[in-house]
Amino acid sequence: MKITGAAAAGSMAFPGQAGLWCRLELTCDEGLAGESLCPVRVRDQALTLANDRLVDRDPRAASALWDRLAGNAGDDSAAAARASLDLACWDLAAKLRGEPLWKTLGGSRPRAMLHAAMPGVPESDDAVRRWLGNVAEVTAFRAGCLALSGMPATDARRLALIRDTLEKQVKPVDLAVDAGRSWPDERVRQLREIERSIDLSWVKVAVGPGDELACRRLVDSIRAAVCVGGELTSERGLMPWLHQRAANVIELDIHRLGITGALRAADAAFGFELPVVLAPAPGHVQVHLAPVLPSFMSAGIVDPAAENTGVFGDLRFVCGRGVMGDRPGAGLVFDRISPAAAKERSA
Amino acid sequence: MRITGYRYETYRMKLDRPIADCNLPEGLDLLPGSVLFIETDEGVEGISLGFGVEGVSALFHLIEGEDPREVVSLWAKVNDYIHKLGNEGAANGALSAMDIALWDLKAKLAEEPLWRTLGAADGRVKAYASGLDYCLSDEELFAFYRRMAERGIDGGKLKVGLDIEADMRRLGIMREALSIASDRPQLMIDSNEYWSPKQAVRFIRRIEEKFDLAWAEEPARRWDYAGLRLVSEQVGAAVATGENLNSVADFYPLIANQAVDVLNVAAGHSGITGCRQIAHLAHVYGLPVSMMNCQAEFMAHLAAALPNHVGMEVVDPGREQCLRFESYIEDGHIVLSDKPGLGIEIDEKALADLQANPPTGRGQFPFARREGAGRYVLPLRPGEVPWETSSREP
């Protein structure tokens, strides 16, 4: 059983995800295709990588293939390309076994805790209300995450709005914030101000190499747990955060770490007794991992009511949880033409 | 696809040769064995090998009726269940055995070898030889490592601890035996927690005056992260440890405190799922792992799928009387077969024979820690080992 080729087609946008995405396809000699979503900006990189490193390889060797692709990880683009290929390999491996990805990974059907993650900094309180309306209509989320505006009073008011809305359906709820990139010092002061009136569960911060000690100061400065990891491009990058005790929650993004890297990083987080949250992903593919991450806490969902994105996952929302279906592989269904057909049409 | 039942068989096996470390220098040639069978409604059975499966009866209800392919979730379910009393002793033995049998089942149901289910590219794993050789004469020691070297194995681990002069002589014998496989064979020593940290530093430094050691195994107690770190900082060799721990939680203080350089991982580390967690934590920390020995080298399936695995211990004392398998050693590697699951079948007739006619021999496993451990070295008594010692007793 071997991978025979790679192709990409389409152009889709997803709420809360930067840029455009395309459908990546790995074909194999058994007539099946592994599919994933790949940022359009790294499409060519992913196809080159697939042809160089994956063709003629068995897609079921996912762990080994991840390491085989490792030489190209490092910058953000390379990591995104590598992750897209890893996702397609796992999709193919699960399809070859005729089972959903969560089962291939060794999980029982995901009934994952979710957190509603509002995409971007809201323009107004009304924007928060509209988003909450969409969210609450779909299911009773037990947690909500707001991107900070930089104005503590405004942020506290919006968080209270989220809390009060979600608690109409379920109580208690966890409140989280996305503090973005520019968090040291000024952000610390802002977060402490918010904490005077809001009980924050966790604060997500965007970090890079070298931020560990500053982040450790943040851990020591606020009541809420500090969540990092969303920018990791390799599981090995988690080490300084563990070692410096510079995080209380680890966020894993399968579109940077792939499934393989996320599994490894989650095991390491478990060793340090750190909870893991999964970053939102198009098609909600990340929820497949929930039952096999030993310290899984919740999966981010940006817009559960999103339609016409060009791809449909296999997730249902039941009582605030994400329940995966039985479609083989990652369960993605594309409403666009296949890459092969697109190529033919363009020719 | 549902788990419907289980059974286990226990037996005693006589080894082809005795095995020993410095805690029981005269050694033993009898080991307890057990096989756990997990049954399904499709007639496929998963097996696990080892010992200490009696606790399964208290935990089986947690997996009964479940789909064995959901092994990682089942591991978490059992691990959560035992949290109050702890993942230790009988609970750990049962969790480990059940998890291994479920992985065997998962791979069998996919009709593929377990190494493939676990994501490895192939079923080849680098091996090193480990004689558990404290009770072997110098000639037997040479013969064992030469036999391994003839199969391409270029690393060896010697049991040491009670007589440094003799340990150094025997290290030379091991190196000579392995020299047909490599100009610079990898040399390891294992003192099985007999020394205190400072004794370890003194003895290892003396050995290092003459030998380049790849690692020193269990130079201090398994949980003594400060002592292990001290040894790691004060000797040239890497410190390897962990074989007697139970889970990733036990490894956490060692890793977080930089007390270990090579992690010895094993089936008893909460099964394949738990062992993989440890290896992944080590990988994130940039640390290598080494799989401990087991019957028919079945844990090589996991080792093949680990990104940071450096070599699996091969003891080969003859523990496979009731097993049928096709893995072998070639060019210094364990080569696993393409048979589904672990690739091991139980010879039920041979097993029944072992149960009906338990072999007799010497020693009892597990054995006690030797007097003086961590305090003073109790010299070898005359006749305690079949090799020339430098020690004298009044």
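Please read all numbers here as calculations on a predicted model, not as lab measurements.

Engineer: What exactly am I supposed to notice about the sheet that holds strand 2 (residues 21-28) of chain A here?
Structural biologist: Sheet strands associate in pairs through backbone hydrogen bonding, adopting either a parallel or an antiparallel arrangement. Residue and element names in this part refer to chain A. Taken together, 3 strands build an open sheet; the order of strands is 1-2-3 and the sheet is antiparallel. Each having just a single partner strand, strand 1 (3-12) and strand 3 (33-39) make up the two edges of the open sheet. Averaged over all neighbouring strand pairs, the angle between strand axes comes to 20°, with direction disregarded. Note: strand 2 against strand 3, 7 bridges, orientation antiparallel. The residue bridging Glu25 from the neighbouring strand is Glu35, located in strand 3. Most of the contacts of helix 1 (residues 43-54) go to strand 1, to which it runs at about 170°, and overall it touches strand 1, strand 2 and strand 3.

Engineer: I would appreciate a short explanation of the interface of chain A and chain B in the present structure.
Structural biologist: Size of an interface: often given as the accessible area lost when the parts come together. Residue-level contacts link 34 residues of chain A with 31 residues of chain B. With both chains or domains summed, chain A and chain B bury close to 2700 Å², and 55% of this area falls on carbon and sulfur atoms. Linking chain A to chain B there are 5 salt bridges. Taking the shortest distance from any N to any O, the salt bridge between Asp67(B) and Lys103(A) comes out at 2.7 Å. At the surface where chain A touches chain B, the tally comes to 19 residue pairs in polar contact (both at pLDDT 80 or more). Among the elements of the structure, helix 2 (62-68), helix 4 (101-104), helix 9 (239-243) and helix 10 (254-271) of chain A are those that each provide at least two residues to the side of chain A that touches chain B. Looking at which element gives the most residues to the side of chain A that touches chain B, the answer is helix 10 of chain A, with 7 residues. In terms of residue class, the side of chain A that touches chain B is made up of 16 nonpolar, 7 polar and 11 charged.

Engineer: Please clarify how unusual backbone geometry should be interpreted in this entry.
Structural biologist: The phi torsion of most residues other than glycine is negative, and most of the peptide bonds are trans. Cis geometry is found at the peptide bond from Lys171(A) to Pro172(A), where omega equals 0°. Looking at where Pro172(A) falls in the secondary structure, it is placed in the loop between helix 6 (152-166) and strand 6 (174-180). The peptide bond linking Phe365(B) to Pro366(B) adopts the cis configuration, its omega dihedral lying at -5°. Counting through the fold element by element, Pro366(B) comes out in the segment after helix 12 (348-356). In the Ramachandran plot, Glu218(B) falls in the positive-phi region, its phi being about 45° despite a non-glycine side chain. Within the secondary structure, Glu218(B) sits in the loop between strand 7 (213-217) and helix 8 (225-234).

Engineer: Please explain the side chain of Asp190(B) as it appears in this structure.
Structural biologist: Residues and elements named next belong to chain B. Inspection of the secondary structure puts Asp190 in strand 6 (residues 186-190). In this structure Asp190 comes out as buried when scored by relative accessible area, which is 1%. Here Asp190 is in contact with Lys157, Leu158, Lys159, Val160, Glu217, Glu218 and Glu243, once residues within four sequence places are set aside.

Engineer: Mind showing me how you'd approach the side chain of Gln199(B) here?
Structural biologist: All names here are of chain B. Counting through the fold element by element, Gln199 comes out in helix 7 (residues 197-208). Residue Gln199 is classed as buried on the basis of its relative accessible area, which comes to 6%. Residues in contact with Gln199, not counting those within four places in the same chain, are Tyr194, Gly374, Arg375, Tyr376 and Val377.

Engineer: Explanation requested: the domain arrangement of chain A in the structure shown.
Structural biologist: Residues and elements named next belong to chain A. You can read the domains of chain A as domain 1 (3-99 + 337-346) and domain 2 (104-324). Between the C-alpha centres of domain 1 and domain 2 there is a distance of 26 Å. Listed by partner, the interface residues are 26 residues for domain 1 and 26 residues for domain 2. Of the roughly 2000 Å² buried between domain 1 and domain 2, counting both surfaces, carbon and sulfur atoms make up 62%. Taken as a group, Trp66, Leu87 and Trp90 account for 28% of the area that domain 1 buries against domain 2, more than any other trio of residues on that side. Viewed at the interface, domain 2 and domain 1 are joined by 2 salt bridges. Measuring nitrogen to oxygen at the nearest pair gives 2.4 Å for the salt bridge that ties Asp76 to Arg256. Summed over the shared surface of domain 1 and domain 2, the result is 9 residue pairs in polar contact (both at pLDDT 80 or more). Looking at the side of domain 1 that touches domain 2, the elements with two or more residues in it are helix 2 and helix 3 (76-96).

About the thresholds
Residues numbered from 1 in each chain as written. Chains lettered and ligands numbered in written order. Predicted model: local features only at pLDDT ≥ 70, side-chain atom pairs only at ≥ 80, totals over all residues. Heavy atoms only, no water. Pairing = 2+ DSSP bridges. Helix = DSSP H or I, 4+ residues; strand = E, 2+ residues; numbered from the N terminus. Axes fitted to C-alpha atoms, helices over the stretch in contact; angles between N-to-C directions. Contact = heavy atoms within 4.5 Å. Buried area = accessible area lost by both parts, 1.4 Å probe. Salt bridge = Lys/Arg side-chain N within 4 Å of Asp/Glu carboxyl O. Polar contact = N/O pair within 3.5 Å; in protein donor to acceptor, adjacent residues only side chain to side chain. Nonpolar A, V, L, I, M, F, W, Y, C, P; charged D, E, K, R; others polar. Buried < 20%, exposed > 50% of the residue type's maximum accessible area, 1.4 Å probe, protein only. Domains from an automatic or database assignment.

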